[in-house]
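Examining the three-dimensional arrangement
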Amino acid sequence: MKTKVLSGFLLLFFSLFLVSFSDPYAIKRISDANFRYEFYTTDKKIKVKDHKMYYWFKGGAIHSAESGIAGTLLDDKFVKMYHSNQLAEQGQFKEGLKVGTWKTWHSNGTIESVQNWKKGLKCGDYLRYDQNGALAESGKYSKDLKTGKWVNFEKNDTLVYKKGTLVPKKQKLSKSQEYRLKEEQAKIEKSQKEAQQLEITQDANTLTSYKEATKEKEKAEKERIAKEKAAEKEKTAKEKAAEQEKKKAADKAPKKDSKTKSFFKNIFTKKQ
């Protein structure tokens, strides 16, 4: 009798076990050496996208791969627990990709990390805490890449990222190096000022030369015009004087009698 009851119980348990792993909409429960898992899956066929991490279930274990799947995709709520039944991780999947807010816990129950996901990519603020609940690290993700200022409170260190690439820190100089750098900077500034002053002086000298040359040209032009006017005036005066001399000569020369006067003069001369 006991054997029949035990056999029936084992058969029922085995049936439920098979149903739980064959029905994609039934909750799955598995465990390994460190944790126990509760999750759901979906048999929906999807088009895998590049550079995204997919989570899927096969052969009694959860697997993950970038840009690939080989089992039923994890979907909806996901819970990971320590064997003490303490929460270890909690979040949600959508067609194999992490979405929404995911949290992890230390084994003592204090929060370990908080991270937001969007379509399988980390996004927004990231927070990490130590086992005493003190904030250990904070930063931000954008499309799965670290961005902006990341502060590590445990190391008292701050790093800056740009599109996932660490921006190099400015090297911290010693006092002697700072003094030497200031001296070199002062020399450079002095040299620049001297060069600037020299340029200003040269420019002023060039401008003065241009002005003097312009004055000389204007003076020469005025002298040329004055000479031309004087020459023209002298020429006019000479022509006028020549005209007057010609007129005087004409006035002094004996005037010739007219033909009529000469005719009558000749007649009277013959009569006499």
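Here the structure is a predicted model, which means the values were calculated and not measured. (Residues numbered from 1 in each chain as written. Predicted model: local features only at pLDDT ≥ 70, side-chain atom pairs only at ≥ 80, totals over all residues. Heavy atoms only, no water.)

Digging into the overall build of the protein chain
The following threshold applies: Counting from the N terminus, the helices are DSSP H or I runs at least four residues long and the strands are E runs at least two residues long. For every residue, the accessible area obtained with a 1.4 Å probe (protein chains only) is divided by the maximum for its type, and the residue is called buried under 20%, exposed over 50%, and partly exposed between those limits. Contacts are residue-level and defined by heavy atoms, with any inter-residue pair within 4.5 Å sufficient. Each accessible area value is a Shrake-Rupley result obtained with a 1.4 Å probe; residue values ignore everything except the protein chains displayed when judging cover.
Tallying secondary structure elements over the protein chain gives three helices and 13 strands in all. Per-residue burial for the protein chain yields a buried fraction of 18% across its 272 residues. Considering only contacts within the protein chain whose residues lie at least 6 apart along the sequence, 22% involve residues at least 24 apart. Accessible surface for the protein chain amounts to roughly 21900 Å². Of this, 55% is attributable to carbon and sulfur atoms.

Quick notes on the pairing of strand β10 (residues 135–142)
Test applied: Note on pairing: DSSP must find at least two bridges between two strands before they are called paired.
Two elements, strand β9 (residues 121–129) and β10, share six bridges in a ladder whose sense is antiparallel. Residue pairing across strands places Gly124 opposite Tyr141, the latter belonging to β10. Joining the antiparallel neighbours β9 and β10 is a turn of five residues, in which Gly133 adopts a positive phi near 90°. Here five bridges tie β10 to strand β11 (residues 145–152), and the two strands are oriented antiparallel to one another.

Overview of the pattern of salt bridges
The condition is simple: One speaks of a salt bridge when a side-chain nitrogen belonging to Lys or Arg is within 4 Å of a carboxyl oxygen belonging to Asp or Glu.
A full pass over the atoms with the stated rule returns eleven salt bridges. Across the pair Glu221 and Arg224 runs a salt bridge, and its minimum N-O distance is 2.5 Å. Taken together, the positions of Glu221 and Arg224, both in helix α2 (residues 175–252) and three residues apart, correspond to about one turn of that helix. On the basis of relative accessibility, which here comes to 35%, the residue Glu221 falls in the partly exposed class. Exposure remark for Arg224: the relative accessible area of 38% places this residue in the partly exposed category. Across the pair Arg224 and Glu228 runs a salt bridge, and its minimum N-O distance is 2.5 Å. Of the two residues, Arg224 and Glu228 are both situated in helix α2; the distance of four residues between them amounts to about one turn of the helix.

Regarding a positive patch on the surface
Quick reminder of the rule: Two distance rules govern patches: like charges are joined within 9 Å, and nonpolar side chains (Val, Leu, Ile, Met, Phe, Trp, Tyr) within 5 Å, applied only to residues with over 30% relative accessible area and no salt bridge. Asp and Glu count as negative and Lys and Arg as positive, but His and the ends of the chain are not part of the count. By convention, the charge on Lys lies at NZ, on Arg at CZ, on Asp at CG and on Glu at CD.
Among the surface-exposed residues, Lys47, Lys49, Lys94, Lys118, Lys119 and Lys143 lie close enough to one another that they form a single positively charged patch. Relative to the helices and strands, Lys49 is located in the loop between β2 (35–42) and β3 (53–58).

Structural notes on the confidence of the model for the protein chain
Low pLDDT means the predicted atomic positions in that stretch should not be read closely. Rules: Per residue, pLDDT captures the predictor's confidence, and it can take any value from 0 to 100.
With 84% of its residues at a pLDDT of at least 70, the protein chain reaches an overall mean of 86. Counting interchain partners and residues more than four positions distant, the pLDDT-below-50 stretch residues 15–22 has seven contacts.

Some points on the pairing of β9
Successive residues of a regular strand alternate their side chains across the two faces of the sheet. Across six bridges, the pairing between strand β8 (residues 111–118) and β9 is antiparallel. When the sheet's bridge partners are listed, Ser113 is paired in β9 with Arg128. Remark: two residues form the turn of the hairpin made by β8 and β9, two consecutive strands paired antiparallel; Lys119 in that turn has positive phi of roughly 55°.

Let's talk about the side chain of His106
Worth spelling out the cut-off: Polar contact is defined as a pair of N or O atoms within 3.5 Å, subject to the rule that within protein one atom must be able to donate a hydrogen and the other to accept it, and that residues adjacent in sequence are counted only when both atoms are side-chain atoms.
In this structure, His106 sits in the loop between β7 (97–105) and β8. Relative accessible area serves as the criterion here: at 10%, His106 is assigned to the buried category. Among the polar contacts made by the side chain of His106, one reaches the main-chain carbonyl oxygen of Tyr129 at a distance of 3.0 Å. Setting aside its immediate chain neighbours within four residues, His106 contacts Tyr82, Gln86, Leu87, Ile111, Glu112, Tyr129, Asp130 and Gln131.

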